[in-house]
Amino acid sequence: AALRPRGPAARTVRDADKFVEACSSGNVREVAWRVLKGQHVDARHSFLGLTGLQVAARQGQDTVVELLLQEGAALELVHAATGNTALHFAAGAGRVGAVKILLGKGANKHVRNCMDSTRFGGGTGEHARDQVECTEARAARKACKGDAPV
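Residues numbered from 1 in each chain as written. Predicted model: local features only at pLDDT ≥ 70, side-chain atom pairs only at ≥ 80, totals over all residues. Heavy atoms only, no water.

(A) Spotlight on the nonpolar core. F19, C23, V31, L53, V65, L68 and L102 are the most contacted members of the largest nonpolar core, which totals 31 residues. Elements that contribute at least two residues to this core include exactly α1 (8-25), α2 (28-36), α3 (52-59), α4 (62-70), α5 (86-92) and α6 (96-104). Not counting residues up to four positions away in its chain, the partners in contact with F19 are V31, R34, V35, Q39, H40, V41, A43 and L68. (Core = buried A, V, L, I, M, F, W, Y, C linked by side-chain atoms within 4.5 Å. Buried < 20%, exposed > 50% of the residue type's maximum accessible area, 1.4 Å probe, protein only. Helix = DSSP H or I, 4+ residues; strand = E, 2+ residues; numbered from the N terminus. Contact = heavy atoms within 4.5 Å.)

(B) Here's a closer look at the pattern of salt bridges. Summed over all chains, the structure comprises 2 salt bridges. A salt bridge links R34 to D15, with the nearest nitrogen and oxygen atoms 3.9 Å apart. With R34 in helix α2 and D15 in helix α1, the pair connects residues that are 19 residues apart, well separated along the chain. In this structure R34 comes out as buried when scored by relative accessible area, which is 11%. On the accessibility criterion, D15 (22% relative accessible area) is partly exposed. Across the salt bridge formed by E30 and R34, the nearest N and O atoms sit 2.8 Å from each other. Taken together, the positions of E30 and R34, both in helix α2 and 4 residues apart, correspond to about one turn of that helix. Overlapping salt bridges, with partners in common, bring together D15, E30 and R34 in one network. (Salt bridge = Lys/Arg side-chain N within 4 Å of Asp/Glu carboxyl O.)

(C) Representation of the side chain of H88 within the structure. Structurally, H88 can be placed in helix α5. Within polar-contact distance, the side chain of H88 engages the backbone oxygen of V111 at 3.0 Å. (Polar contact = N/O pair within 3.5 Å; in protein donor to acceptor, adjacent residues only side chain to side chain.)

As structure tokens, this is what we get:
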């Protein structure tokens, strides 16, 4: 019990965690309510270190992704442990809708994550870019199929 934070700072941490969890589960009403009540849209989960945008993109919560971006969430924030942006998370999870939204809002598909650093063997970033390009191609195919006459 001695390690458990108390007071106003603890409430801020709990609020940020609940906000990120609402983003992950796609609870649009709670996300919108917390933003209206002053929740910072780029708040990170205290344990996971992920932002609401990152978890919403990873979980394919497209409506939450759009809401957060409309409220000014930063596209290029990176996860400290992996270097992943929301686009990396969405592409890695195969969330075509989230990838399309993020790219449409200007997400940089050339941002390198930690797997591209020399610490992990000096990769060139091809894997992450291939994932994004593959997801973009899949989205384009889906769009074409949707537009085809029946």
